[in-house]
Amino acid sequence: DPTPEVISGLRGSFEDLSKQLRAGPFLEVFETTLSNIPFSALFSLLAAPDNKLIVVVAEVTGQLLKPVTWSMVHQTFEEYIVQGLDHPHPVVKCLVLSQFLKCEHSGDP
């Protein structure tokens, strides 16, 4: 279950992301910020029994990963990709499949 500490940490990370995106070149700032977002805490929310929470977390995660290349997704989140494919909620499976499409479109192995 999401604890207040997890939610507070995510809120802080998103606030930092927002500040940094206004401060400099997008991709450079995004890569730096991406490493500071507690994705493990975000992904842990996908195990919640609340379908609305799962949908929101998947949507937020999808938005965060939009500018990220397949190579970075694969290197950083390989463990979560496998878990996402086995997830019972279809929106999580769609999130993972949308990341696979990046591989197809980019030609990355």
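Residues numbered from 1 in each chain as written. Predicted model: local features only at pLDDT ≥ 70, side-chain atom pairs only at ≥ 80, totals over all residues. Heavy atoms only, no water.

Caption draft 1: Representation of the nonpolar core in the model. Judged by nonpolar contacts, the single largest core of 22 residues is most densely connected at Phe39, Leu42, Leu46, Leu64, Val68, Val73 and Phe77. Taken together, the elements giving at least two residues each to this core come down to α1 (4–21), α3 (39–44), α4 (51–65), α5 (70–85) and α6 (90–106). Examining the composition of this core, we find that 5 residues originate from one element, α5, more than from any other. (Core = buried A, V, L, I, M, F, W, Y, C linked by side-chain atoms within 4.5 Å. Buried < 20%, exposed > 50% of the residue type's maximum accessible area, 1.4 Å probe, protein only. Helix = DSSP H or I, 4+ residues; strand = E, 2+ residues; numbered from the N terminus.)

Caption draft 2: Representation of the layout of surface pockets. The space that makes up the largest pocket amounts to roughly 260 Å³. What lines the largest pocket is a set of 18 residues, among which Phe43, Leu46, Tyr80, Gly84 and Val92 lie closest to the centre. Elements with a contribution of two residues or more to the lining of the largest pocket: α3, α4, α5 and α6. Ranked by residues supplied to the lining of the largest pocket, first place goes to α5 with 6 residues. The residue makeup of the lining of the largest pocket, split by class, is 11 nonpolar, 7 polar and no charged. Empty space within the second largest pocket amounts to approximately 190 Å³. Contributing to the lining of the second largest pocket are 11 residues, with Ile7, Leu10, Phe14, Leu42 and Leu45 lying nearest its centre. Elements with a minimum of two residues in the lining of the second largest pocket: α1 and α4. Looking at the lining of the second largest pocket, its residues break down into 10 nonpolar, no polar and 1 charged. (1 Å grid on protein atoms, 1.4 Å probe; cavity = no way out; pocket = protein on both sides within 12 Å on 5 of 7 lines; lining within 4 Å. Points joined across faces, edges and corners; volume = space filled by probe spheres on them. Nonpolar A, V, L, I, M, F, W, Y, C, P; charged D, E, K, R; others polar.)

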